Amino acid sequence: MESNSLIHGGDWAGFELEYGSPPLDFSSNVSPLGVPESIGAAVAEAVRTADRYPDPLCRGVRRAIAGAEQVPVDWCLCGNGSADLIYRAALAVRPRLALLTAPTFGEYGAALELAGRRIAEYRLRSENGFVLQEDFLDCITPETDMVFLCEPNNPTGRTTPKPLLLSILDRCRETGTLLVADECFGGFLDDPAAHTLAGLCSAYPNLLILKAFTKLYALAGLRLGYCLCSSGQLLEAMRRTGQPWAVSAPAQAAGIAALGETEYVRRTRAVIQTERPRLAAGLRDLGFQVVPGEANYLLFSSSAPLLEPLRERGILLRSCGNYSGLDGSWYRTAVRTAAENQRLLTALRDIRKEGNR
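This one's a predicted model, so the numbers in the text were calculated from it and none came from an experiment.

## Here we look at the packing of helix 2 (residues 37–47) against helix 9 (residues 249–258)
- In the contact formed by helix 2 and helix 9, the axes pass within 8 Å of each other and the chain directions differ by 150°. For the pair helix 2 and helix 9, the sense of crossing is right-handed. Two secondary-structure elements touch here, helix 2 through Ser-38, Ile-39, Ala-42, Val-43, Ala-46 and Val-47 and helix 9 through Ala-249, Pro-250, Ala-253, Ala-254, Ala-257 and Ala-258.
- Its residues assigned to classes, the contact of helix 2 with helix 9 comprises eleven nonpolar, one polar and no charged.

Structure, rendered in structure tokens:
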């Protein structure tokens, strides 16, 4: 029952219960360099004052975020990871009709279903490389209250061409639609600044941008995300949808420390930029169909099952069979270090050899 209730990757706990040792986890897309030392030190210091409630307004970390993003502090709202903010947005807006792409991150649909809302899906096609097309604009009507776009998209790793993304933003303004742009994986792009919409919040109050420390700083266990929006009314409505102490004091301290880790971010991006094409080439050499992802993960398809054979070898992979628009032949793998990626490729090569016997 427990495993069936998990819709995401990263179930290292289930693996350890079964095998008694930690796995090599390719099912979760976080920085392969681990937690920076400065963040660990900041968390340890914050624990010393754990007898106090955390700041419910997250003032210190919001000031740091505002400085890094070059926006007013009042445009920032922090949450217990970006997933918390997705649910808060859905519950605050309660759209009559929301538009999603398929496949995409499952929490958008889950949050909208919890809010009891109608959902329309735009199907991304493998023949188009799972890239959003111009006809998406026709799907945004005055009846569409909310659009979720994941940039880059999870699990495909593809971004929407910037001109189309700007056209979508304009179309949403015309129709009175809130555009939620999830940029949680944007830090892994080769040129993050060229794709982000953060600089447009002032001109578009109908734009809500989601970001998180989870992925780029390997802080999945601390849960810290934030959103940017120039609409104070929307942010206040989102604040009211959840409990006041959503972000722990250690998580707030971690966020402040993380924003000073520019060298760590540079090294992480360098690893991804080097290893992503190598891993993609290795997967193609083994006969897999690989989507040309732009982030720190790759979507690929296999005619033979891979989860259990890899699990028996101590490796976790993400099945994408529970994504709308995909089936069980699709898998998502994180991009990790050279040695770890090679271990995955070697295991896959052995599995394919065994299947050909």
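## Overview of the sheet that holds strand 6 (residues 178–182)
- Taken together, seven strands build an open sheet; the order of strands is 2-8-7-6-5-3-4 and the sheet is mixed. Looking at strand neighbours, the two that pair on one side only are strand 2 (76–79) and strand 4 (118–123), the edges of this open sheet. Pairwise comparison of adjacent strand axes, ignoring direction, gives a mean angle of 20° for this sheet.
- As paired strands, strand 2 and strand 8 (residues 225–228) are joined by four bridges and run antiparallel to one another. The partner of Cys-78 across the bridge, within strand 8, is Tyr-226.

## Here we look at helix 3 (residues 59–69)
- When we look at burial in helix 3, the residues that qualify are Val-61, Arg-62, Ile-65, Ala-66 and Glu-69. One side of helix 3 carries all its buried residues, which in axial view fall inside an arc of 140°. For helix 3, the exposed residues lying more than 90 degrees away from the buried face are Arg-63, Gly-67 and Ala-68.

## Observations regarding helix 4 (residues 81–93)
- With 13 residues, helix 4 ought to run about 18 Å at 1.5 Å a step, and its terminal C-alpha atoms sit 19 Å apart, in line with that.
- Those residues of helix 4 that fall on the buried side of the exposure criterion are Gly-81, Ser-82, Ala-83, Asp-84, Leu-85, Ile-86, Arg-88, Ala-89 and Ala-90.
- After helix 4 finishes, the residue Arg-94 shows a positive phi value of roughly 45°.

## Quick word on the sheet that holds strand 10 (residues 297–301)
- Taken together, four strands build an open sheet; the order of strands is 9-10-13-12 and the sheet is antiparallel. Edge strands, defined here as strands with exactly one partner in the open sheet, are strand 9 (289–290) and strand 12 (318–319).
- The pairing of strand 12 with strand 13 (residues 330–334) spans two bridges and is classified as antiparallel. Across the sheet, the residue bridging to Ser-319 is Tyr-331, located in strand 13.
- The strands that helix 10 (residues 262–285) touches are strand 9, strand 10 and strand 13; relative to strand 10, the one it contacts most, it runs at about 10°.

## Thoughts on the pattern of salt bridges
- By the definition in use, this model includes 19 salt bridges.
- Glu-45 serves as the salt-bridge partner of Arg-48, at 3.4 Å between the closest nitrogen and oxygen.
- According to the relative accessible area criterion, Glu-45 is partly exposed, its value standing at 49%.
- Residues participating in the shared-partner salt-bridge network are Glu-69, Glu-183 and Lys-211.

## A word on the packing of aromatic side chains
- The full count for this structure, using the stated rule, is 13 aromatic pairs.
- Pairing Phe-185 with Tyr-297 gives two aromatic rings, centres 4.8 Å apart and planes at 70°, and the pair type is edge-to-face. Linking Phe-185 in the loop between strand 6 and helix 7 (192–195) with Tyr-297 in strand 10, this pair joins segments that are 112 residues apart in sequence. Per residue, the accessibility class of Phe-185 equals that of Tyr-297, and both read buried.
- Among the aromatic residues, those joined into a cluster by ring pairs are Phe-213, Tyr-217, Tyr-226 and Tyr-264.
- Over the face of the ring belonging to Phe-288 we find Arg-352, whose NZ or CZ atom lies 4.7 Å from the ring centre.

## Comments concerning the environment of Arg-276
- Here Arg-276 is to be found in helix 10.
- Sequence separation between Arg-276 and Glu-308 is 32 residues, and the spatial gap between their C-alpha atoms is 24 Å.
- Not counting the four nearest positions on each side in its chain, Arg-276 is found in contact with Phe-188, Asp-190, Gly-293, Glu-294, Ala-295, Leu-298 and Val-335.
- Only 2.9 Å separates the side chain of Arg-276 from the backbone oxygen of Glu-294, close enough to count as a polar contact.

## Section: the side chain of Thr-175
- Here Thr-175 is to be found in helix 6 (residues 162–175).
- At 3.3 Å, the side chain of Thr-175 forms a polar contact with the backbone oxygen of Cys-172.
- Among all residues touching Thr-175, those that are not within four sequence positions of it are Ile-140, Thr-141 and Pro-142.

## Here's the deal with the packing of helix 4 against helix 8 (residues 232–240)
- In contact at an axis separation of 8 Å, helix 4 and helix 8 are set at 110° when each is read in the N-to-C sense. Judged by the inter-axis angle, helix 4 sits roughly perpendicular to helix 8. On helix 8, the residues that touch Leu-85, Arg-88, Ala-89, Ala-92 and Val-93 of helix 4 are Leu-234, Ala-237, Met-238 and Arg-239.
- In terms of residue class, the contact of helix 4 with helix 8 is made up of seven nonpolar, no polar and two charged.

What counts, and where the lines are drawn
- Residues numbered from 1 in each chain as written.
- Predicted model: local features only at pLDDT ≥ 70, side-chain atom pairs only at ≥ 80, totals over all residues.
- Heavy atoms only, no water.
- Axes fitted to C-alpha atoms, helices over the stretch in contact; angles between N-to-C directions.
- Helix = DSSP H or I, 4+ residues; strand = E, 2+ residues; numbered from the N terminus.
- Left-handed = near helix turned anticlockwise from the far one by under 90°.
- Contact = heavy atoms within 4.5 Å.
- Nonpolar A, V, L, I, M, F, W, Y, C, P; charged D, E, K, R; others polar.
- Pairing = 2+ DSSP bridges.
- Buried < 20%, exposed > 50% of the residue type's maximum accessible area, 1.4 Å probe, protein only.
- Arc of directions from axis to C-beta.
- Expected span 1.5 Å × (residues − 1).
- Salt bridge = Lys/Arg side-chain N within 4 Å of Asp/Glu carboxyl O.
- Phe/Tyr/Trp six-rings, centres within 6.5 Å; stacked < 30°, edge-to-face > 60°.
- Lys NZ or Arg CZ within 6 Å of the ring centre and 35° of its normal.
- Polar contact = N/O pair within 3.5 Å; in protein donor to acceptor, adjacent residues only side chain to side chain.
- Parallel < 35°, antiparallel > 145°, perpendicular 65-115°, else oblique.

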